[in-house]
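# Coordinate inspection notes
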Amino acid sequence: MKLLTYKTNDTESRLGFLHNNQVIDMEDFGEISNFPLPNDMLELIDMGFEIISEITEMVSETPENFFEEISYDMNEVTILAPIEKPRKNIIGIGLNYTEHVAESARTLDTTGKLPQKPIIFSKPPTTVTATNTEVIKNTKLTSQLDWEVELAVVIGKKGKYVPNADAIDYVFGYTVINDISARDCRREGQWIVSKGQDTFAPMGPILVTKDEIENPHNLNLSLKVNGIEKQNSNTKFLLFNINDLIEDLSIIFTLEPGDIIATGTPSGVGAGRNPQEWLYDGDIMEATVEGIGTIVNTVKEV
């Protein structure tokens with residue numbers, strides 16, 4: 001199921017799903033189906049992944065004319081981040097593609113050695129922004145703003161000491177994140193100032209439930225700046241795949257429904273180029289993951 005958070009000129013944020021190229025309001029669909037459904041993505045995730053198959057079955061059994069009064073054309077809605085306000089920090093994974101490890105070693109203060117365990121950082125909830133919004137470049141803090149397209153995993157149930165083989169059972173779905181990074185803001189090896197500024201986690205455009213992604217370890221991902229491709233790779237090149245990450249993270253701390261894991265970026269970031277390239281006022285980024293979609297964001301200098 002393709003889920004989204006949206007608003008119209010007449011509503012605040014609402015939960016919906018895509019059906020026949022239209023946005024169907026989730027709460028309204030529950031009303032016509034006599035099956036109460038939430039109006040918030042986190043509340044839906046809290047109901048457990050099993051709810052998705054129930055909703056899918058109800059959709060298949062609902063006459064098409066029933067959708068008319070609870071649906072919107074895509075041009076009638078504004079798409080918001082799938083999870084506008086995460087309950088906790090987004091979990092970021094650094095240096096998780098081999099070529100990105102190499103390019104980081106050439107230009108940043110990393111060793112070039114392949115990590116033996118996942119490198120973990122975090123991004124506060126206030127970093128989240130939607131597609132078609134501005135990414136704020138605070139010129140008092142940074143002159144080296146950079147891009148990073150990533151597949152993001154959304155956790156669907158509580159997990160501690162999750163066995164590697166069972167890890168996908170704990171996934172609710174997937175979305176796209178652009179892990180914006182201010183390369184000149186790292187402090188003694190700590191990344192949160194570089195990664196954690198407001199608007200530094202564009203996310204979306206939708207959340208695709210795991211049943212619609214046949215193999216999350218074989219998805220193309222790419223990023224363009226002003227129409228020019230900068231990154232192009234595939235999740236099959238992850239050093240630590242989704243199973244590895246969930247296993248490792250769940251040893252360290254309990255994973256909970258709604259937690260978001262940004263799985264890392266491939267090579268092609270601005271810091272790794274010769275000469276280095278940075279983002280400036282008005283630059284447009286397009287971050288794409290196969291099977292999910294594209295988020296578009298414009299840099300705004302302040």
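This text goes with the structure placed above it.
We now turn to the structure provided with this report. (Residues numbered from 1 in each chain as written. Predicted model: local features only at pLDDT ≥ 70, side-chain atom pairs only at ≥ 80, totals over all residues. Heavy atoms only, no water.)

## Considering helix α3 (residues 50-61)
Here α3 spans 17 Å end to end across twelve residues, near enough to the 16 Å set by a 1.5 Å rise per residue. Those residues of α3 lying buried are Ile51, Ile52, Ile55, Met58 and Val59. When α3 is viewed along its axis, its buried side chains cluster within an angular range of 125° and face the same direction. Turned more than 90 degrees off the buried face of α3, the exposed positions are Glu50, Ser60 and Glu61. Packed against the buried residues of α3 are β1 (2-7), β2 (14-19), α1 (26-32), α2 (41-46), β12 (171-178) and β14 (201-209). (Helix = DSSP H or I, 4+ residues; strand = E, 2+ residues; numbered from the N terminus. Expected span 1.5 Å × (residues − 1). Buried < 20%, exposed > 50% of the residue type's maximum accessible area, 1.4 Å probe, protein only. Arc of directions from axis to C-beta. Contact = heavy atoms within 4.5 Å.)

## Notes on the side chain of Thr8
Here Thr8 is to be found in the loop between β1 and β2. Relative accessible area serves as the criterion here: at 12%, Thr8 is assigned to the buried category. Apart from the residues within four sequence positions on either side, Thr8 is in contact with Tyr72, Glu76 and Val77.

## Focus: the environment of Leu219
Tracing the backbone shows Leu219 in the loop between β14 and β15 (220-225). With 72 residues separating them in the primary sequence, Leu219 and Gly291 have C-alpha atoms 7.6 Å apart. Beyond its immediate chain neighbours, meaning those up to four positions away, Leu219 contacts Leu151, Ile213, Ser233, Asn234, Thr235, Val289 and Glu290.

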